[in-house]
Amino acid sequence: MITVETIRERHSVREYDGEPLAQVEFDALGAVVEECARESGLDIQLVGDNPEVFNMIARFSLIRGCRTHVAFVVDDAKASADEAIGYWGQKIVLAAQDMGLNTCWCALCSRKKSRAVVAPGKKVRLVIAVGHGKTHGFSRKTKSAEALSAVECANTPAWFAVAMEAAQLAPTAMNNQNFKITLLRDGKTVRIEAPQSGLNMIDKGIVRRNFEIAANEAGADWCWEREL
Ligand SMILES: Cc1cc2nc3c(=O)[nH]c(=O)nc-3n(C[C@H](O)[C@H](O)[C@H](O)COP(=O)(O)O)c2cc1C
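Keep in mind that what you see is a predicted model, and the values were worked out from it rather than measured.

Right, let's talk about the overall build of the protein for a bit. Helix and strand content of the protein: six helices and eight strands. Mapped from its N terminus to its C terminus, the protein presents α and β elements in the order α-α-β-β-α-β-β-α-β-α-β-β-α-β. Taking 2.2 N^0.38 as the reference for a compact globule, 228 residues should give roughly 17 Å; the C-alpha atoms of the protein span a radius of gyration of 18 Å, in line with that estimate. Referenced to the eigenvectors of the C-alpha coordinate spread, the extents of the protein come out at roughly 55 × 35 × 30 Å. When the 228 residues of the protein are sorted by exposure, 40% land in the buried category. Considering only contacts within the protein whose residues lie at least 6 apart along the sequence, 78% involve residues at least 24 apart.

Have a look at this one:
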């Protein structure tokens, strides 16, 4: 079960053992990927035995020893799927963590070397590396909850602090943490904002997923502000 503890344990891992996932792991993660694809309507594929996707110029790779990835296939011009990619991708990341696997969101990869099924006119937006890490990764710096949030009601409920911790722990591209979360005056409604540019909307979806898991686990009476 995905909990705040899962969120606390997850770190990006860039060095893997070079082995494929065991068949049982591949099948279990494949089932999660299929479920997320069905629920979201996104084209998400689990791809095995494809280390080339992490090879950059002259075989340089930021991610080493990883053979498996999750690919997000989108219409060429569709950055509009970004927030959903973040939201559903983070569910897959946390499910993988729960299975004892390690992950890293990876925008800097050789998308065209992915063996995902990509129809003409479509492309791989980004991938998530999945495997057995040489380590489980490391804690990293985060902006403070104060810098990332605002509270408009008189008293900050306890659940908001826990949910903000989960938001702080969310992976974001280059650890940018370019988002702002506001608890509105009623003490229940939560606004999340991020710039539309670059990978920020993917990050926003990831943060949304982490925040939601923690707020719900804390039994909070809360909801997202409706976005236009
Ligand atoms: C959308 C996105 C793209 C990313 N792309 C890369 C990448 O290309 N290479 C890489 O090494 N890390 C990449 N990362 C991982 C981030 O650098 C990492 O999440 C961040 O530094 C925070 O560290 P943590 O995940 O260990 O908490 C990406 C993360 C996100 C969310």
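Structure's up, so let's keep going.
The element strand β4 (residues 122–131) is largely enclosed, with a buried count of eight among its 10 residues. As paired strands, strand β2 (residues 68–75) and β4 are joined by eight bridges and run antiparallel to one another. Counterpart to Val-74 in the pairing with β4 is Lys-123. Here five bridges tie strand β3 (residues 102–106) to β4, and the two strands are oriented antiparallel to one another. Counted as the bridge partner of Thr-103 is Val-130 from β4.

Moving on, we come to the sheet that holds strand β8 (residues 223–224). With respect to topology, four strands assemble into an open sheet ordered β5-β6-β7-β8, the strand pairing being mixed. Among the strands making up the open sheet, the edge pair consists of β5 (149–151) and β8. Relative to strand β6 (residues 180–183), β5 is paired through three bridges, and the arrangement is parallel. In the sheet register, Ala-150 faces β6, and the bridge partner there is Thr-182.

Quick look at helix α3 (residues 82–98) now. Taking 1.5 Å of rise per residue, 17 residues should cover 24 Å, and α3 covers 24 Å from first to last C-alpha, within 8% of that figure. Two residues or fewer after α3 comes Gly-100, characterised by a positive phi angle close to 85°.

Time to look at the pairing of β6. Residues Ile-181 and Leu-183 point to one face of β6 and are all buried, whereas Lys-180 and Thr-182, pointing to the other face, are not buried. Between β5 and its parallel partner β6, the chain crosses via helix α5 (residues 158–168), and the hand of that crossover is left-handed. Strand direction decides the pairing type here: β6 and strand β7 (residues 189–193), joined by four bridges, are antiparallel. When the bridges of β7 are listed, Leu-183 appears paired with Val-190.

Taken together, 20 residues are adjacent to the ligand, and Ser-12, Trp-105, Leu-108, Pro-171 and Asn-175 come closest. Broken down by secondary-structure element, the contributors of at least two residues to the shell around the ligand are β3 and α6 (200–217). The class makeup of the residues in the shell around the ligand is 12 nonpolar, five polar and three charged. Here the shell around the ligand spans two domains, and each of domain 1 (4–131) and domain 2 (145–224) adds at least three residues to it.

The subject of this paragraph is the packing of helix α2 (residues 23–40) against α3. Closest axis-to-axis distance for the α2/α3 pair is 10 Å, and the angle between their directions is 160°. It follows that α2 is roughly antiparallel to α3 by the angle criterion. As α2 runs across α3, the sense of the crossing is right-handed. Listed contacts from α3 to Leu-29, Val-32, Val-33, Cys-36 and Ser-40 of α2 are Ala-84, Trp-88, Lys-91, Ile-92, Ala-95 and Ala-96. Within the contact of α2 with α3, the residues separate by chemical class into nine nonpolar, one polar and one charged.

What counts and what doesn't
Residues numbered from 1 in each chain as written. Predicted model: local features only at pLDDT ≥ 70, side-chain atom pairs only at ≥ 80, totals over all residues. Helix = DSSP H or I, 4+ residues; strand = E, 2+ residues; numbered from the N terminus. Rg over C-alpha atoms; globule rule 2.2 N^0.38 Å. Buried ≥ 20, exposed ≤ 12 C-beta atoms within 10 Å, placed from the backbone. Contact = placed C-beta atoms within 7 Å. Pairing = 2+ DSSP bridges. Expected span 1.5 Å × (residues − 1). Right-handed = clockwise from strand over helix to strand, strands pointing away. Near = placed C-beta within 6 Å. Nonpolar A, V, L, I, M, F, W, Y, C, P; charged D, E, K, R; others polar. Domains from an automatic or database assignment. Axes fitted to C-alpha atoms, helices over the stretch in contact; angles between N-to-C directions. Parallel < 35°, antiparallel > 145°, perpendicular 65-115°, else oblique. Left-handed = near helix turned anticlockwise from the far one by under 90°.

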